[in-house]
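The primary structure of each chain is shown beneath.
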Amino acid sequence: MGGGSRPGAGGSRGSSRTRRNHRRTVRVRRGHRPERTCVICRTRRPKTALIRLALDSGGLVTVDPGQRAPGRGAYTCPSCLPELRFDRRIQRAFRQRAQGFHSSLDALLRGDANDSIATRA
Ligand SMILES: [Zn+2]
């Protein structure tokens, strides 16, 4: 007679399993269109519809027309570009690494924008 000797089901030796709340980040891939958020208006748009800003070697913010410059980038809509100012949003976008606007970007902004951009953040 085989006396069913079942292994103790509750044999819990102090298993030190750290149970983590494994939060899965579900990436919804819809047609492979990378989206970015405009630093000015916070609208999400396809990356290609935005202007990419990048830092040059001196830490100055420049426009990155090819969207290929290395490092962290920030994005803005073409329509928002004239409103771009060197403020906290830019600082945050570049993780406090931005030193200022590159002269070419400065010129671009000045050429387009009028002097009435005096709104403070
Ligand atoms: Zn925008």
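Residues numbered from 1 in each chain as written. Predicted model: local features only at pLDDT ≥ 70, side-chain atom pairs only at ≥ 80, totals over all residues.

A. Structural detail: the sheet that holds strand 3 (residues 51-55). Across the sheet, four strands lie side by side as 5-3-4-6; this open sheet has mixed pairing. For this open sheet the edge positions go to strand 5 (73-76) and strand 6 (100-101), each flanked by a neighbour on one side alone. Across four bridges, strand 3 lies against strand 5 in antiparallel orientation. Considered in strand 5, the bridge of Arg52 is made with Tyr75. (Pairing = 2+ DSSP bridges. Helix = DSSP H or I, 4+ residues; strand = E, 2+ residues; numbered from the N terminus.)

B. Molecular detail of unusual backbone geometry. Phi is positive for Arg42, which is not a glycine, with a value near 65°. Secondary-structure assignment places Arg42 in the loop between strand 1 (35-37) and strand 2 (44-46). Here Gln96, not a glycine, exhibits a phi torsion of approximately 65°, which is positive. Examined against the element boundaries, Gln96 turns out to sit in the loop between helix 1 (88-93) and strand 6. Owing to 9 C-beta atoms within 10 Å, Gln96 belongs among the exposed residues under this scheme. (Buried ≥ 20, exposed ≤ 12 C-beta atoms within 10 Å, placed from the backbone.)

C. View of the environment of Gly66. Topologically, Gly66 is positioned in the loop between strand 4 (60-63) and strand 5. Classification of Gly66 as exposed rests on a count of 7 C-beta atoms within 10 Å. With 15 residues separating them along the chain, Gly66 and Ile51 place their C-alpha atoms 9.3 Å apart.

D. View of the pairing of strand 3. Most of strand 3 is tucked away: four of the five residues are buried. Direction of pairing for strand 3 relative to strand 4: antiparallel, over a ladder of three bridges. Bridge pairing links Ala54 to Thr62 in strand 4. The turn joining strand 3 and strand 4, which pair antiparallel and follow one another in sequence, is formed by four residues; a positive phi near 80° is taken by Gly59.

Everything listed here is a matter of geometry and, on its own, says nothing about what the molecule does.
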